[in-house]
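One-letter residues, chain by chain:
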Amino acid sequence: MCGIIAIVGKTAGNLEKEKIDSMLSSLSKRGPDDTGVCTYDNCTLAQTRLSILDISGGHQPMKDTAHPYTIVFNGEIYGYKDTRKKLEELGHIFSTNSDTEVILKAYTEYGRKCPEYLDGMFAFAIWNESKQELFIARDRFGKKPFYYTWVGDMFWGASEIKALFASGEVKGKIDFIAIDNYLQLMYIPPWKTVYSNIHTLLPAHAGIVKNGKLETWEYWQLENKSINISYDNAKKEIKRLFDEAVKKRMVADVEIGSLLSGGVDSTLVTAYAQKYATHPLKTFSVGYENYINELPYASLASKKIGTDHYTLEVKGELTHELEKVIEYMDEPHADSSNLSQHLISELASSKVKVAMSGDGADELFMGYGWYWKYWHTRKIVRLKNIFVSNQFKEHLKYVAIFSKKDRFDLWKDISFLSDSIEKKYVGKIKGNGTQQINFFDLTTYLPGQLLTKIDRTSMMHSLEIRSPFLDHALAEFVYNLPEKYKMDRKNGKIILKEILCEIMPKDFVYRKKQGFGAPVKEWLRIETVKKFVEKTLSENSELYRIFKKEKILDIVNNFYQKHNDAAQYKIWSLLCLALWFKFHQKYHE
């Protein structure tokens, strides 16, 4: 993993060293092992490196040996040795053993189509000195971030927004419609940022910066291509594709561990990963005392698979840890599992530089309760969904923390109330209601909430996370399997659970799903946390500049005085937003 910077413009090669150093310093946790800077008349590239592959030869920025191309790259290319072999057969000569050089040669061979030939998680920028243009690309699911802004005609790009602010060239202009989206989802949608003047390169997109303009295009998407295959043959193919995905991700010049919660996904990843390890994998788990605690199941999985297991049992309230996470996150993000991911990343990083993860399985194999929730609603509601609304539109209402009416009541300026999420998707996604929800989860919830959380909380601790379930070949196959192979009216991940039953006992596999979140309700009722909430949501809170104070106090009172547990995530979302303003308003206009 790395942090990258790419600046293009007429004076981009003459920037003060202190400015670039400040930007690199802000990304130091993404790459504590090495730094590098390369300048041309109209471009500066810089990088901080977390050394995983070709530790001695993978220094960046990296120049191509045969062409005037220079790259900065954040991520990992899986199966890069096979890609390298194909490129060598086409006449390309390599001078390092790194996956970074494979991207350079792929760009030389395939030009703007090169991301289509790459398998991995990545965000990279290649400066073409002869064409005076910058080529940028981001991986298919959006695992690795890339943000950019314009200062006049100069393009400033970086792995994190904080690096753009560290340049001293830009202040953030709050996009209040993005804040409204946050109130609805608990995260900023992945096609925008919380700032109107700072943008994100979308997942599965590439672009060219030239003559003060950026042209972008989509190079990949999940497509509906129905597969005629039996259940048993589908299971065999999933096992083959998953095994290959894990095997590719077990390549590194440093030790690899695995995050093992004891759930279906992480247990399956760990079991397959252990096959390709030469020693017991180091595995890591976090539990919350008597609230949410899968440590016993993680221990069972570890013993069965044969790993070297490490655990952390969290006790008491964690307001100081919450503040650490929110201070590092560049944008509002209120998933309670941010804390879990932060703590397990901190634990894992004390032992390894790379860890495997089960992320993406719930989205691909329909593992969330909302996929089959529809079948347990009253018949009259289902009829309403057919003739008046639809299943997907009702789903958006179901997952909303603040409903449209809640947000209308909360905003001082109701012009910020937005239907942008509904307008982006409702009536524009193919398939039945369940398929529409699944598409939303894979293209919005996954990159906007889960992958953002995983990237930031792991990078806080210089830990690289690899997610085999998000292998694009596996994803393309699973996405197009018959729905009945993945879920029924009571369960999700049907076919995946059957595969795990070949390794673990049935009572382990089919126990009730717990998830990776924190015990929000119980924490909020701890007296010290209650005081922390009251202090944070005080009259000095930046929230009251945009929201009605009495409405926020009503929500707090509803939870603490009227004991309405349904208000817990409203308070949590407001708390996280207030803390975000506290730590980040210094960067705002």
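Here's what I pulled together on the structure shown here. (Residues numbered from 1 in each chain as written. Predicted model: local features only at pLDDT ≥ 70, side-chain atom pairs only at ≥ 80, totals over all residues. Heavy atoms only, no water.)

Quick look at the overall build of the chain now. For the chain, the helix and strand inventory stands at 25 helices and 17 strands. In terms of overall dimensions, the chain is globule-like: its C-alpha atoms have a radius of gyration of 24 Å, near the 25 Å expected for 589 residues. For the chain, the spread of C-alpha atoms along the three principal axes comes to 70 × 55 × 50 Å. Buried residues in the chain amount to 61% of all 589 residues. Long-range contacts, defined here as pairs at least 24 residues apart, represent 74% of the contacts in the chain between residues at least 6 apart. When the accessible surface of the chain is summed, it comes to about 23,800 Å², and 49% of that surface belongs to carbon and sulfur atoms. Seen as two clouds, the 82 positive and the 75 negative side-chain charges of the chain have centres 5 Å apart. (Helix = DSSP H or I, 4+ residues; strand = E, 2+ residues; numbered from the N terminus. Rg over C-alpha atoms; globule rule 2.2 N^0.38 Å. Buried < 20%, exposed > 50% of the residue type's maximum accessible area, 1.4 Å probe, protein only. Contact = heavy atoms within 4.5 Å. Areas by Shrake-Rupley, 256 points an atom, 1.4 Å probe, with all protein chains shown as cover. Lys, Arg positive; Asp, Glu negative; His and termini not counted. Charge placed at Lys NZ, Arg CZ, Asp CG, Glu CD.)

Moving on to the side chain of histidine 333. With respect to the helices and strands, histidine 333 occurs in the loop between helix H9 (319-328) and helix H10 (337-349). Looking at histidine 333, its side chain comes within polar contact range of the side chain of asparagine 338, at 3.1 Å. Leaving out residues up to four positions away in the same chain, histidine 333 has contacts with Tyr182, Met186, Tyr187, Asn338, Gly448, Gln449, Thr452, Lys453 and Cys576. (Polar contact = N/O pair within 3.5 Å; in protein donor to acceptor, adjacent residues only side chain to side chain.)

As a further point, take the side chain of threonine 83. Examined against the element boundaries, threonine 83 turns out to sit in helix H2 (residues 80-89). Not counting residues up to four positions away in its chain, the partners in contact with threonine 83 are Val102 and Tyr117.

Within the structure shown, the criterion is met by 37 salt bridges. Linked by salt bridges that have partners in common, Arg30, Lys144, Glu160, Lys162, Asp330, Asp455 and Arg456 make up one network. (Salt bridge = Lys/Arg side-chain N within 4 Å of Asp/Glu carboxyl O.)

What follows is about the sheet that holds strand E10 (residues 199-200). The strands making up a sheet associate through backbone hydrogen bonding, with each pair oriented either parallel or antiparallel. Ordered in space as E2-E3-E1-E9-E8-E10, the six strands form an open sheet in which the pairing is antiparallel. Edge positions in the sheet fall to strand E2 (34-40) and E10, since each of these pairs with one other strand and no more. Taken together, the seven bridges between E2 and strand E3 (residues 43-49) define a ladder with antiparallel strand orientation. When the sheet's bridge partners are listed, threonine 39 is paired in E3 with threonine 44. (Pairing = 2+ DSSP bridges.)

The next subject is the packing of aromatic side chains. For the structure shown, the criterion picks out 36 aromatic pairs. Ring pairs connect the aromatic residues Tyr69, Tyr107, Phe122, Phe124, Phe135 and Trp217, which therefore count as one cluster. Just above the ring of tryptophan 217 sits the side chain of arginine 112; from NZ or CZ to the centre is 4.0 Å. Its guanidinium or amino end placed over the ring of tyrosine 297, arginine 511 lies 3.8 Å from that ring's centre, counting from NZ or CZ. (Phe/Tyr/Trp six-rings, centres within 6.5 Å; stacked < 30°, edge-to-face > 60°. Lys NZ or Arg CZ within 6 Å of the ring centre and 35° of its normal.)

Bringing the sheet that holds strand E12 (residues 213-218) into the picture now. The antiparallel open sheet is built from six strands, whose spatial order is E4-E5-E6-E7-E11-E12. Of all the strands in the sheet, just strand E4 (62-63) and E12 have a single pairing partner and so form its edges. In this structure, strand E7 (residues 133-138) lies alongside strand E11 (residues 205-210), joined through four bridges in antiparallel fashion. Bridging across to E11, alanine 137 finds its partner in alanine 206. In the packing of helix H3 (residues 99-110) onto the sheet, the strands contacted are E4, strand E5 (69-77), strand E6 (120-128) and E7, and the crossing angle to E5 comes to about 125°. (Axes fitted to C-alpha atoms, helices over the stretch in contact; angles between N-to-C directions.)

Phe124, Phe135, Phe547, Trp572 and Leu574 are the most contacted members of the largest nonpolar core, which has 177 residues in total. For this core, the element with the most residues is helix H25 (residues 568-584), which contributes 11 residues. Beyond its immediate stretch of four places on either side in the chain, phenylalanine 124 contacts Ile4, Ile71, Val72, Phe73, Ile103, Cys114, Pro115, Leu118, Phe135, Ile136 and Ala137. Grouped together as the second largest cluster of nonpolar side chains are 18 residues, Ile4, Ala123, Ile136 and Leu201 included. (Core = buried A, V, L, I, M, F, W, Y, C linked by side-chain atoms within 4.5 Å.)

Our focus in this paragraph is unusual backbone geometry. The amide bond that connects glutamine 60 to the next residue, proline 61, takes the cis arrangement and shows omega of -5°. Among the secondary structure elements, proline 61 is positioned in the loop between E3 and E4. The phi torsion at methionine 186 lies on the positive side, around 80°, for a residue other than glycine. Examined against the element boundaries, methionine 186 turns out to sit in the loop between helix H5 (176-185) and E10.

It is worth spelling out the packing of helix H14 (residues 391-399) against helix H17 (residues 433-459) at this point. For the pair H14 and H17, the least separation of the axes is 8 Å and the interaxial angle reads 45°. One finds that H14 runs oblique with respect to H17. Residue-level contacts link Gln391, Phe392, His395 and Leu396 of H14 to Gly433, Thr434, Gln436, Ile437, Phe440 and Asp441 of H17. Here the residues of the contact of H14 with H17 are counted per class, giving four nonpolar, five polar and one charged. (Parallel < 35°, antiparallel > 145°, perpendicular 65-115°, else oblique. Nonpolar A, V, L, I, M, F, W, Y, C, P; charged D, E, K, R; others polar.)

This part is about the packing of H10 against H17. For the pair H10 and H17, the least separation of the axes is 8 Å and the interaxial angle reads 40°. Taken together, the axes of H10 and H17 lie oblique to each other. In the packing of H10 onto H17, the handedness of the crossing is right-handed. In this structure, H10 uses Ser337, Asn338, Gln341, His342 and Ser345 to contact H17, whose residues at the interface are Lys453, Ile454, Thr457 and Ser458. Grouping the constituent residues of the contact of H10 with H17 by class yields one nonpolar, seven polar and one charged. (Left-handed = near helix turned anticlockwise from the far one by under 90°.)

This brings us to the state of the cysteines. In the structure shown here, the tally under the stated rule is zero disulfides. No disulfide involves cysteine 114; its sulfur sits 16 Å from the nearest other cysteine sulfur, which is in cysteine 43. (Disulfide = S-S within 2.5 Å.)

Now for helix H7 (residues 264-275). Look at H7: 17 Å from first C-alpha to last across 12 residues, which is about the 16 Å you get at 1.5 Å a residue. For H7, the buried fraction is high: 11 of the 12 residues fall into the buried class. Within the span of H7, buried status applies to Val264, Asp265, Ser266, Thr267, Leu268, Val269, Thr270, Ala271, Tyr272, Ala273 and Gln274. (Expected span 1.5 Å × (residues − 1).)

So, on to the pairing of E6. Extensive coverage of E6 is indicated by the burial of nine of its nine residues. The alternating pattern of E6 places Gly120, Phe122, Phe124, Ile126 and Asn128 on one face and Met121, Ala123, Ala125 and Trp127 on the opposite face, and all of these are buried. Sheet topology places E5 next to E6; nine bridges connect them, and they run antiparallel. Paired with isoleucine 77 across the two strands is glycine 120, which belongs to E6. Here six bridges tie E6 to E7, and the two strands are oriented antiparallel to one another. Bridged to phenylalanine 124 within E7 is alanine 137.

Mapped onto the elements, alanine 123 comes out in strand E6. When sequence neighbours within four positions are dropped, the list of residues in contact with alanine 123 reads Ile4, Val72, Phe73, Asn74, Ala137, Arg138, Lys144, Pro145 and Phe146.

Any functional reading would require information beyond the geometric quantities listed.
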